[in-house]
Amino acid sequence: GQAPAPAAGPVLPLSMEQAVTMGLESNLGLKSERLEVDVAAEAIAGARAAFLPLLFSNFGRTSSESVPQSFTEGSGDISTRRMNSSATLSQNLRWYGGGYNVTWSNNRSSTVGGNSSFNPSLGSTLTMSFTQPLLRDFRIDPNRASLETSERVRAISDVQLQQRLIATEATIRLAYLNLIGAIEGRKVALQNMDIAETTLRNARASVAVGQAPEINIVQAQVDVERNREHLLLADVRISDAEDILRTLVLDPARPDYWELKLGPTDTIQLTPREIDLNVAIKNALANRLDLTVARRNLEITDLNIRATRNTTLPTLDFGATYSAQGTGGTQLVFG
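The structure reproduced in this document is the subject of the present report. (Residues numbered from 1 in each chain as written. Predicted model: local features only at pLDDT ≥ 70, side-chain atom pairs only at ≥ 80, totals over all residues. Heavy atoms only, no water.)

**Considering the pairing of strand E4 (residues 99-112)**
Line of reasoning, step 1. Pairing analysis gives 14 bridges linking strand E3 (residues 78-92) to E4, with the strands arranged antiparallel. Opposite threonine 88, over in E4, you have threonine 103 as the bridge partner.
Line of reasoning, step 2. The antiparallel hairpin formed by E3 and E4 contains six residues in its connecting segment, where tyrosine 96 sits at a positive phi of about 65 degrees.
Line of reasoning, step 3. Pairing between E4 and strand E5 (residues 118-133): 11 bridges, direction antiparallel. Opposite arginine 108, over in E5, you have leucine 122 as the bridge partner. (Pairing = 2+ DSSP bridges. Helix = DSSP H or I, 4+ residues; strand = E, 2+ residues; numbered from the N terminus.)

In structure tokens, the structure reads:
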């Protein structure tokens, strides 16, 4: 009799495109690569933060008691209360290493006792400054080098993710085709088994009527057993191919992971393709992702060399500062 077919179970009809979609969604390596892209994006955001405006302020309040230092200040203790506040805006520019700083500060003091000219006394100061490197940090500086490096690392992460996507998709498609090939191979083995069994029946009939020697029956039986072995091996190849595809497209956490059978619904279409060698070489040099990664790494190396050379240059900066100060309050006039 014929070899038994693979054990029946729940079957999941699956096209090649469905297999690719499921595999890309469940692949842990792709999830890791996507996280690498997110990490690289956060690194860019961190490097850009060095060029964001920085605004900070402070507020202080003090009080003091002191004794008069001269008879003109009276004989009682002198009590002074002072409040100070300031706000500063600064920023490192992304162009040519320049930066600016703007600070506004004010204070108010009041005195009980003594002979202050202004009581209360108000003061305010505005200071603006700009610094522009002329040699070191003009073309490149650590902040700009960090940002450009982060951008290239992000580009490399994108390309590596694309590489993983292409490789994973190719692996899934190949596993799908191998399963189809194994299933078709079993059909061929089954047809050979039918032919061998038909030959065995014919041999027995011929021997029964005396038209053939009994050795023909033995030879036909050997052929039947050989094809039975081929059929069993075909079942093993189907099982192996199905397990490989299962690990690529199914989530191992699902309860029917091992019981579910995969039923490919696509067929193999073989069509001849003409390949232009020169065009193929040109496309490979222009579009190969590993070459793109290598170029990005060379750019990072060149950037590191430029940043290192920058540290060997002397420091020569142009600076401009403007400051305005005002004082006011209630003036005491002594006559």
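**Points about unusual backbone geometry**
Line of reasoning, step 1. A positive phi is found at tyrosine 96, a non-glycine position, where the angle reads about 65 degrees.
Line of reasoning, step 2. Looking at where tyrosine 96 falls in the secondary structure, it is placed in the loop between E3 and E4.
Line of reasoning, step 3. The class for tyrosine 96 is partly exposed, based on a relative accessible area of 49%.
Line of reasoning, step 4. At aspartate 137, a position not held by glycine, the phi torsion is positive, near 70 degrees. (Buried < 20%, exposed > 50% of the residue type's maximum accessible area, 1.4 Å probe, protein only.)

**Here's the deal with the layout of surface pockets**
Line of reasoning, step 1. Empty space within the second largest pocket amounts to approximately 160 Å³.
Line of reasoning, step 2. Residue lining of the second largest pocket: Leu134, Leu135, Phe138, Arg139, Ile140, Arg306, Arg309, Asn310 and Leu313, and that is the complete set.
Line of reasoning, step 3. Grouping the amino acids of the lining of the second largest pocket by side-chain chemistry returns five nonpolar, one polar and three charged. (1 Å grid on protein atoms, 1.4 Å probe; cavity = no way out; pocket = protein on both sides within 12 Å on 5 of 7 lines; lining within 4 Å. Points joined across faces, edges and corners; volume = space filled by probe spheres on them. Nonpolar A, V, L, I, M, F, W, Y, C, P; charged D, E, K, R; others polar.)

**Some words on the environment of arginine 306**
Line of reasoning, step 1. Along the polypeptide, arginine 306 turns up in helix H6 (residues 289-310).
Line of reasoning, step 2. The exposure class assigned to arginine 306 is partly exposed, which follows from its relative accessible area of 34%.
Line of reasoning, step 3. If we ignore the near neighbours within four places in the chain, the residues touching arginine 306 are Arg139, Ile140 and Glu148. (Contact = heavy atoms within 4.5 Å.)

**Some remarks on a nonpolar patch on the surface**
Line of reasoning, step 1. Together, Leu134, Leu135, Leu313, Leu316 and Phe318 make up a nonpolar patch on the protein surface, roughly 430 Å² of accessible area in all.
Line of reasoning, step 2. With respect to the helices and strands, leucine 135 occurs in the loop between E5 and helix H3 (142-208).
Line of reasoning, step 3. Here leucine 135 falls in the partly exposed class, since its relative accessible area comes to 37%. (Patch = residues over 30% accessible without salt bridge, like charges linked within 9 Å, V, L, I, M, F, W, Y side chains within 5 Å. Areas by Shrake-Rupley, 256 points an atom, 1.4 Å probe, with all protein chains shown as cover. Salt bridge = Lys/Arg side-chain N within 4 Å of Asp/Glu carboxyl O.)

**Looking at the packing of aromatic side chains**
Line of reasoning, step 1. One pass over the structure, following the stated rule, counts two aromatic pairs.
Line of reasoning, step 2. Between tyrosine 257 and tryptophan 258, the ring centres sit 4.9 Å apart and the planes meet at 85 degrees, which makes this aromatic pair edge-to-face.
Line of reasoning, step 3. Look at tyrosine 257 and you get buried, because its relative accessible area is 7%.
Line of reasoning, step 4. Note that arginine 94 overlies the ring of phenylalanine 51, its terminal NZ or CZ placed 5.9 Å from the centroid. (Phe/Tyr/Trp six-rings, centres within 6.5 Å; stacked < 30°, edge-to-face > 60°. Lys NZ or Arg CZ within 6 Å of the ring centre and 35° of its normal.)

**Concerning the pattern of salt bridges**
Line of reasoning, step 1. Counted under the stated rule, the structure contains 16 salt bridges.
Line of reasoning, step 2. Aspartate 141 is the salt-bridge partner of arginine 144, the closest N and O atoms lying 2.6 Å from each other. Across this residue pair, the class does not change: arginine 144 and aspartate 141 are buried.
Line of reasoning, step 3. Two residues, aspartate 243 and arginine 246, come together in a salt bridge whose shortest N-O distance is 2.5 Å. With a gap of three residues between them, aspartate 243 and arginine 246 both fall in helix H4 (residues 215-249), about one helical turn apart.
Line of reasoning, step 4. It is possible to trace a salt-bridge network through shared partners that takes in Glu148, Arg152, Arg296 and Glu299.

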